[in-house]
Amino acid sequence: MTDLTHFVGGEHRAGESGRFADVFNPSTGDVQSRVPLASAAEVDAAVANAAAAQLEWGATNPQKRARVLLKFLDLVAADLPHLARLLSSEHGKTLEDARGDVQRGVEVIEFAAGAPHLLKGEYSTSAGTGIDVYSMRQPLGVIAGISPFNFPAMIPLWQCGPALATGNAFILKPSERDPSVPLRLAELFLEAGLPPGVLNVVNGDKEAVDALLADDRVSAVGFVGSTPIAEYVYATAAANGKRAQCFGGAKNHLIVMPDADLDQVADALIGAGYGSAGERCMAVSVAVPVGQETADALAAKLTERVASLKVGPADAEAVDYGPLVTQQARDRVERYIQLGIDEGATLLADGRGLTVPGYERGFYLGPTLFDHVTSGMTIYREEVFGPVLVIARADDYEQALALATDHEYGNGVAIFTRDGDTARDFTARVNVGMVGVNVPIPVPLAYHSFGGWKRSSFGDLGQHGPDSIRFTTKTKTVTSRWPTGIREGASFVIPTMQ
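In this text, all values refer to a predicted model and were calculated from it rather than measured experimentally. Throughout, residues of each chain are indexed from 1 in the direction in which the sequence is written. With the structure being a predicted model, the display of local features is reserved for residues of pLDDT at least 70 and the display and counting of side-chain atom pairs for 80 or more, all residues being used for whole-chain, interface and lining totals. With hydrogens and water set aside, each side-chain value is computed from the structure's full complement of heavy atoms.

Novice: Quick question: what am I supposed to make of the nonpolar core here?
Specialist: A general tendency of soluble globular proteins is for nonpolar side chains to be buried together. If you look at the biggest cluster of nonpolar residues, it comprises 64 residues, and the most contacted ones within it are L269 and L302. By residue number, the principal contributor to this core is helix α9 (residues 262-274), which donates 8 residues. Residues count as neighbours in contact if any of their non-hydrogen atoms are within 4.5 Å of one another. Those residues in contact with L302 that lie beyond four places of it in its chain are A266, L269, I270, L369, L389 and I391. Throughout this description, the term nonpolar core refers to a set of buried Ala, Val, Leu, Ile, Met, Phe, Trp, Tyr and Cys residues connected via side-chain atoms within 4.5 Å. Each residue's exposure class comes from its accessible area (1.4 Å probe, protein chains only) as a fraction of the maximum for that residue type: buried when under 20%, exposed when over 50%, partly exposed otherwise. Core analysis: the second largest hydrophobic core is formed by 62 residues, W158, L183, V224 and F471 among them. For helices the rule is a DSSP run of H or I covering at least 4 residues; for strands it is a run of E covering at least 2, with both sets numbered from the N terminus onward.

Novice: For this particular structure, what's the right way to read unusual backbone geometry?
Specialist: Most peptide bonds take the trans form, and the phi angle of most residues other than glycine is negative. Despite not being glycine, A318 shows a phi value in the positive range, around 60°. At K454, a position not held by glycine, the phi torsion is positive, near 55°. Along the chain, K454 turns up in strand β21 (residues 453-454).

Novice: I keep staring at the layout of surface pockets and nothing clicks. Help me out?
Specialist: Leftover empty space is mapped by rolling, across the atoms, a probe with the size of a water molecule. Method remark: on a 1 Å grid restricted to protein atoms, a set of points is classed as a cavity if a 1.4 Å probe fits but cannot get out and as a pocket if it is open with protein on both sides within 12 Å along at least five of seven lines; lining residues have an atom within 4 Å of a point. Grid points are joined across faces, edges and corners, and a volume is the space filled by probe spheres set on the points. In this model, the largest pocket occupies a volume close to 880 Å³. Taken together, the elements giving at least two residues each to the lining of the largest pocket come down to α7 (206-214), β11 (218-224), α8 (227-239) and α11 (327-342). Examining the composition of the lining of the largest pocket, we find that 5 residues originate from one element, α8, more than from any other. Residue composition of the lining of the largest pocket, by class: 16 nonpolar, 10 polar and 9 charged. Ten residue types, Ala, Val, Leu, Ile, Met, Phe, Trp, Tyr, Cys and Pro, are classed as nonpolar, four, Asp, Glu, Lys and Arg, as charged, and the remainder, Gly among them, as polar.

Novice: Hey, could you run me through the sheet that holds strand β1 (residues 2-3) in this one?
Specialist: Strand pairing in a sheet takes place through backbone hydrogen bonds and is either antiparallel or parallel in direction. In spatial order, the strands read β1-β5-β4; together these 3 strands make up an open sheet with mixed pairing. Each end of this open sheet is capped by a strand with a single partner; those strands are β1 and β4 (20-25). For two strands to be treated as a pair, DSSP must find no fewer than two bridges joining them. Of the strand pairs in this sheet, β4 and strand β5 (residues 30-36) are connected by 6 bridges, and their pairing is antiparallel. Note that in β5 the partner of F24 across the bridge is V31. Here an angle of 0 to 180 degrees is reported between the N-to-C directions of two axes, which are lines fitted to C-alpha atoms, with helices fitted over the stretch in contact. Its contacts with the sheet put helix α2 (residues 62-91) on β4 and β5, and the angle it makes with β4 is roughly 105°.

In short, shape yes, function no, at least from these values alone.
Set out below in structure tokens:
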């Protein structure tokens, strides 16, 4: 078993706090390493490194910064097999899914490499007599990112890519459950030419988070995780005068209209509901068939498909999904399954008690399917974050629309239909931030912004896309006048366009 490190000032640094957390291999259940949990003093050292390094990096022209990102992309492509294995070994997602995790992060780096264009300001000549007005975008300084376990490559890259491209220094506090990929990405950035100290990785728990939130040198904080912690980070950051974007939980619905292709719907629900063991904030966890005939047919198709799913170790071939990330995560999901039974839902498939031969100590849970779930049940209201799909039947379209609109979470939603009028009405009226039409997981591409509504998101700007450039920069507006030799005397009136 090895001890992992922090990455500060361009070098690996051993933990000094004396506190560690175990990092498991979810497929086997074995502890494979320990990750240090930083003290406030260690966070302070990382922030000091970042603040010192940012001055020169922020003054570097955007084209040169973009070249570092482009070199980083080449290095990631060459290292992709290693990154995928490393990610799978700590998270438990399949190798194919792990490669997708990295790729979705890479796409944001590709977008951020366009910083020379994205940072162009605006210019108005002759806004007044002899007066020009122009604006420029400048870096905030030091930005911190707190990333979750479920996407140990994608979310850190979503957070740091735009921040680095726009001239900021960045401090990443990754999940202590799977920290090795973030550390490797920091090494690759350094190899690509990023100056030491511009990107630092500090492992830790609440002590490290609170130290980042309290530090006056940190100008902005990004967070992805559960809603209670997102709300805490947002409120604490705001109280300390920081800009914040904090993304929390989700309960994503997929509305199934009677005219939908049910085979297509069933396939979409199986992939979106059970992929990555359901440990995705954009996982579809609620199917909403409209009409009893639609619901009966869909339940039959899902039951058949669920029975054929293969669960096994992350590095095995022909596995649909792997284990959950920890024993605690599996125990939590199993408690939700029991709650569903106790509250009267119909259990069509029970994933508890699954044993994978040769991997008896792994954190496996089979696919679970409930029918006749109502809006008052716990498994409907709360985010389960596991391989559990529920069917909440709706009598008509308006009731289905209301289920998604009225839920406290508003991250993603989808509708499957062949009718354009219905789809258009749904996209206009549903109170959810990201909408899919015949697309089960409506994650926008990197050049559009990602973000949910209601209690899925705190802050007014999304991740990646144009919002990421706005979040990581501040706008400076200059009003310029060059004397013409004509003296007009003092004016005591506020400037106007007259």
